[in-house]
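A closer look at the structure
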Amino acid sequence: MPLERVTETARLLRELGGDVTTETYDDREHLANDSAVAGARRVIESALPSSG
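A short tour of the structure in this document, coming up. (Residues numbered from 1 in each chain as written. Predicted model: local features only at pLDDT ≥ 70, side-chain atom pairs only at ≥ 80, totals over all residues. Heavy atoms only, no water.)

Here we take up helix α2 (residues 34-47). The terminal C-alpha atoms of α2 lie 20 Å apart, and with 14 residues this matches the ideal 20 Å at 1.5 Å per residue to within 8%. Of all 14 residues in α2, one are buried; the element is thus mostly exposed. Capping the start of α2, N33 holds a side-chain oxygen 3.2 Å from the backbone nitrogen of S35, two or three residues further along. (Helix = DSSP H or I, 4+ residues; strand = E, 2+ residues; numbered from the N terminus. Expected span 1.5 Å × (residues − 1). Buried < 20%, exposed > 50% of the residue type's maximum accessible area, 1.4 Å probe, protein only. Polar contact = N/O pair within 3.5 Å; in protein donor to acceptor, adjacent residues only side chain to side chain.)

This paragraph deals with the side chain of N33. Looking at the element boundaries, N33 is found in the loop between α1 (3-15) and α2. Separated by 2.8 Å, the side chain of N33 and the backbone nitrogen of A36 make a polar contact.

Okay, the environment of S51 next. Relative to the helices and strands, S51 resides in the segment after α2. Under the relative-accessibility criterion, S51 is labelled exposed at 80%. Taking C-alpha positions, S51 is 39 Å from D26, a pair spaced 25 residues apart along the chain.

On to the pattern of salt bridges. By the definition in use, this model includes two salt bridges. Between E8 and R11 there is a salt bridge, with its nearest N and O atoms 2.5 Å apart. Taken together, the residues E8 and R11, both in helix α1 and three residues apart, mark about one turn of the helix. Across the pair R11 and E15 runs a salt bridge whose closest N-O atoms are separated by 2.3 Å. Residue R11 and its partner E15 are both found in helix α1; the two are separated by four residues, about one turn of the helix. Each of the salt bridges in this network shares a partner with another, and the network as a whole consists of E8, R11 and E15. (Salt bridge = Lys/Arg side-chain N within 4 Å of Asp/Glu carboxyl O.)

Here you go:
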């Protein structure tokens, strides 16, 4: 995915009130790494009701 698209999408989501984090890696293929999976998990868990 071109970095320009990532940057523009992040900007638009922030304008809509989103809390956006972007990370780029110069030496990576287009893969989900452990950091990306952990970040997605935090977002999903924060959106779910507590189970306690």
